[in-house]
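Structural features, examined
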Amino acid sequence: MLFWVGTELDFGRMGADAPRLWQAQQEHLSALRDEGVLMRIWQRANGRGHLMLWNALDGLDVDRRIEALPTFHHAMRLEVDALNPHRLFGQFSQPRRASGRARGELYFVRLLIDRARLGPDRPAELIEGAERNARRHVDDGQVIGIWRLPHGSGAHIVWQCSGIAELHHELSTLPLKGAFSEVSAMPIVPEPALADLAGWEP
């Protein structure tokens with residue numbers, strides 16, 4: 001099963017142990033990669049944590065693995081979302097390594113959909129338009145990762161663009177924009193120690 005795992009760390013709480021704990025975290029995450037659990041990883045742009053795609057047995061397995069992180073007791077925030085592979089873009093749910101370099105800034109975009117806002121008349125038409133739009137962004141190399149939340153309730157996307165102004169424009173033209181109940185964007189950067197898992201492949 002796929003899970004999105006986000007951490008935000010309190011380095012002040014770590015005190016003088018911060019360098020040791022961060023190094024232990026890097027080594028632990030490398031072991032998760034080798035085990036096949038860690039499939040994608042990025043740092044928050046402020047350097048205070050990670051956003052990760054995990055392949056785990058179930059929610060209990062995720063909980064156990066999170067509690068084993070060396071920085072677990074120093075986290076201000078931990079977020080976990082179950083994800084499904086996007087039916088059109090299964091490549092982003094495969095354990096592939098990146099071979100190129102990012103072509104611009106990276107953002108984690110979270111879209112939540114209120115299906116009641118789709119209305120009864122045009123949901124199929126809107127969804128088809130959204131899929132065509134997603135295909136264009138994937139083919140252009142702007143979207144370098146996309147996964148669906150359960151029950152069609154939204155998506156997690158890793159977007160690469162020239163900056164926040166371009167991202168705002170692209171999000172404002174999405175076919176399903178009228179059905180969004182939440183849109184958020186967070187700047188992210190590759191994790192230097194695990195840059196091959198930044199998901200840059202188109």
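Now for a description of the structure that goes with this document. Quantities reported herein were computed from a predicted structural model and do not represent experimental measurements.

Reading the values: the criteria
Residues numbered from 1 in each chain as written. Predicted model: local features only at pLDDT ≥ 70, side-chain atom pairs only at ≥ 80, totals over all residues. Heavy atoms only, no water. Helix = DSSP H or I, 4+ residues; strand = E, 2+ residues; numbered from the N terminus. Rg over C-alpha atoms; globule rule 2.2 N^0.38 Å. Buried < 20%, exposed > 50% of the residue type's maximum accessible area, 1.4 Å probe, protein only. Contact = heavy atoms within 4.5 Å. Areas by Shrake-Rupley, 256 points an atom, 1.4 Å probe, with all protein chains shown as cover. Lys, Arg positive; Asp, Glu negative; His and termini not counted. Charge placed at Lys NZ, Arg CZ, Asp CG, Glu CD. Phe/Tyr/Trp six-rings, centres within 6.5 Å; stacked < 30°, edge-to-face > 60°. Polar contact = N/O pair within 3.5 Å; in protein donor to acceptor, adjacent residues only side chain to side chain. Pairing = 2+ DSSP bridges. Axes fitted to C-alpha atoms, helices over the stretch in contact; angles between N-to-C directions. Core = buried A, V, L, I, M, F, W, Y, C linked by side-chain atoms within 4.5 Å.

Quick notes on the overall build of the chain
A count of helical and extended segments in the chain gives five helices and eight strands. Mapped from its N terminus to its C terminus, the chain presents α and β elements in the order β-α-α-β-β-α-β-β-α-β-β-α-β. Taking 202 residues into account, the globule formula puts the C-alpha radius of gyration at 17 Å, and the chain, at 17 Å, falls close to it. With the C-alpha coordinates of the chain rotated into their principal frame, the extents come out at 60 × 35 × 30 Å. Evaluated residue by residue, the chain yields a buried proportion of 48% over its 202 residues. Long-range pairs, those at least 24 residues apart, make up 79% of the contacts in the chain with a sequence separation of at least 6. Only carbon and sulfur atoms are counted for the fraction: they give 51% of the accessible area of the chain, which is about 9,900 Å². Both charge centroids of the chain, one from 23 positive and one from 26 negative side chains, sit 3 Å from each other.

Overview of the packing of aromatic side chains
Evaluation of the coordinates by the stated rule reveals five aromatic pairs. When the ring of Trp-4 is compared with that of Trp-42, the centres are 5.9 Å apart and the planes differ by 25 degrees; the resulting orientation is stacked. Linking Trp-4 in strand E1 (residues 2–9) with Trp-42 in strand E2 (residues 38–44), this pair joins segments that are 38 residues apart in sequence. We classify Trp-4 as buried; its relative accessible area is 4%. Overall, Trp-42 belongs to the buried group, its relative accessible area being 0%. Both rings, one in Trp-4 and one in Trp-147, keep their centres 5.6 Å apart while their planes meet at 45 degrees; by these two values the pair is tilted. With Trp-4 in strand E1 and Trp-147 in strand E6 (residues 143–148), the pair connects residues that are 143 residues apart, well separated along the chain.

Things to note about the side chain of Asp-10
Along the polypeptide, Asp-10 turns up in the loop between E1 and helix H1 (11–14). A polar contact is formed between the side chain of Asp-10 and the backbone nitrogen of Arg-13, at a distance of 3.2 Å. Dropping the residues within four chain positions of it, Asp-10 is found in contact with His-74 and Met-76.

Observations regarding the side chain of His-50
Its location among the elements puts His-50 in strand E3 (residues 50–55). In this structure the side chain of His-50 is engaged in a polar contact, spanning 2.8 Å, whose partner is the side chain of Glu-191. Excluding its chain neighbours within four sequence positions, the residues that come into contact with His-50 are Val-5, Gly-6, Thr-7, Trp-22, Gln-25, Gln-26, Leu-29, Ile-41, Trp-42, Gln-43, Arg-44 and Glu-191.

Focus on the sheet that holds strand E7 (residues 154–161)
Around the barrel, which closes on itself, the eight strands sit in the order E1-E3-E2-E8-E5-E7-E6-E4 with antiparallel pairing between neighbours. Within the sheet, the average angular offset between the axes of one strand and its neighbour, ignoring direction, is 35 degrees. Sheet topology places strand E5 (residues 105–113) next to strand E8 (residues 180–190); eight bridges connect them, and they run antiparallel. Across the sheet, residue Leu-111 finds its bridge partner in E8, namely Val-183. Contacting E1, E3 and strand E4 (75–85), helix H3 (residues 59–67) runs over the sheet at an angle of about 25 degrees to E1.

Brief notes about the environment of Gln-94
Relative to the elements of secondary structure, Gln-94 occurs in the loop between E4 and E5. A residue is classified by how much of its surface remains accessible, and Gln-94, at 41% relative accessible area, is partly exposed. Linking Gln-94 and Phe-3, residues 91 residues apart in sequence, is a C-alpha distance of 13 Å. Contact partners of Gln-94, with chain neighbours within four places excluded, come to Met-39 and Arg-40.

Topic: the nonpolar core
Trp-4, Trp-42, Val-109, Trp-147, Ile-157 and Trp-159 are the most contacted members of the largest nonpolar core, which totals 39 residues. At seven residues, the largest contribution of residues to this core is made by E5. Once residues within four sequence positions are removed from consideration, Val-109 is found in contact with Ala-155, His-156, Ile-157, Trp-159, Leu-167, Leu-171, Ser-184 and Ala-185. Within the second largest apolar cluster, 15 residues are counted, among which are Leu-29, Leu-38, Val-62 and Leu-69.

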